[in-house]
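One letter stands for each residue in the lines below.
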Amino acid sequence: MTDMPVRPDVPADPPERHGAGGDGVEATADVLYSLMSDFLRQLPRDLSLTASATLATLRRRGPLRITTLAAAQGITQPSMTSIVTSLQKGGMVTRRHDPADARATLIELTDKGLRYVVARREGGVERIGGHIRNLPDAQRQTLLAAFDALCSLEELARERAL
């Protein structure tokens, strides 16, 4: 067995999880990041994560131009054009003229696309909910008590993503 190469720019171990040093923010952020990554990897891969995120963005924000979608996903406009073309061929989105600018096109979620986004979210919520239900009662209650703080964190993240 060979040792994994060591990269000096990457910490060897995650931050301490039980309050050793600091205010716990970094350790909490590390655990949340790990959970998000794990949960995303567990979702079905019938579409790429970027395509799925694009559909979710359209559900949340309504019809958008390709340039806006590309910026929201952190990709180039040509890459987003390719994703939208594929989603359109699959019946998930449609293109329509932008009433504010006849030269521009808006990308809009279809009923099929909406059903996909809702089903994917429901599946994820069910999976995560199952994990929460499996926590010991005291830990589950502690996590549930943090609900308002988690909602505020979600709101802050969405505001910065716009």
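Please refer to the structure higher up on the page.
Here the structure is a predicted model, which is why all the values come from computation and not from measurement.

Caption draft 1: Fine view of the overall build of the protein. For the protein, the count of helices and strands is seven helices and two strands. For the protein, the succession of helices and strands along the chain, N to C, is α-α-α-α-β-β-α-α-α. Within the protein, residue pairs in contact and separated by at least 24 positions form 44% of the contacts whose partners lie at least 6 positions apart. Here the protein displays about 11,900 Å² of accessible surface, and carbon together with sulfur accounts for 57% of that area.

Caption draft 2: How the structure looks around the packing of helix α2 (residues 49–61) against helix α3 (residues 66–73). Taken N-terminus to C-terminus, the directions of α2 and α3 make an angle of 115°; their axes are 10 Å apart at the nearest point. In the crossing of α2 with α3, the sense of the turn from one axis to the other is right-handed. Contacts between α2 and α3 pair Thr50, Ala53, Thr54, Thr57, Leu58 and Arg61 from the former with Thr68, Leu69, Ala72 and Gln73 from the latter.

Caption draft 3: View of the environment of Met80. Counting through the fold element by element, Met80 comes out in helix α4 (residues 77–89). Along the sequence, Met80 and Ala51 sit 29 residues apart, while their C-alpha atoms lie 8.7 Å from each other. Leave out the neighbours within four places in its chain, and Met80 touches Thr54, Ile66, Leu69, Ala70, Gln73 and Ile75.

Caption draft 4: Main features of the pattern of salt bridges. Here the structure, examined in full by the defined rule, presents seven salt bridges. A salt bridge links Arg96 to Glu108, with the shortest nitrogen-to-oxygen separation between them at 2.9 Å. With Arg96 in strand β1 (residues 93–98) and Glu108 in strand β2 (residues 101–109), this pair connects stretches of sequence that are 12 residues apart. Since its relative accessible area comes to 31%, Arg96 is described here as partly exposed.

Caption draft 5: Up close: the side chain of Arg140. Its place among the elements puts Arg140 in helix α6 (residues 137–145). Of note is the side chain of Arg140, whose polar atom sits 2.7 Å from the side chain of Asp137. If we ignore the near neighbours within four places in the chain, the residues touching Arg140 are Ile132, Arg133 and Leu135.

Procedures and definitions
Residues numbered from 1 in each chain as written. Predicted model: local features only at pLDDT ≥ 70, side-chain atom pairs only at ≥ 80, totals over all residues. Heavy atoms only, no water. Helix = DSSP H or I, 4+ residues; strand = E, 2+ residues; numbered from the N terminus. Contact = heavy atoms within 4.5 Å. Areas by Shrake-Rupley, 256 points an atom, 1.4 Å probe, with all protein chains shown as cover. Axes fitted to C-alpha atoms, helices over the stretch in contact; angles between N-to-C directions. Left-handed = near helix turned anticlockwise from the far one by under 90°. Salt bridge = Lys/Arg side-chain N within 4 Å of Asp/Glu carboxyl O. Buried < 20%, exposed > 50% of the residue type's maximum accessible area, 1.4 Å probe, protein only. Polar contact = N/O pair within 3.5 Å; in protein donor to acceptor, adjacent residues only side chain to side chain.

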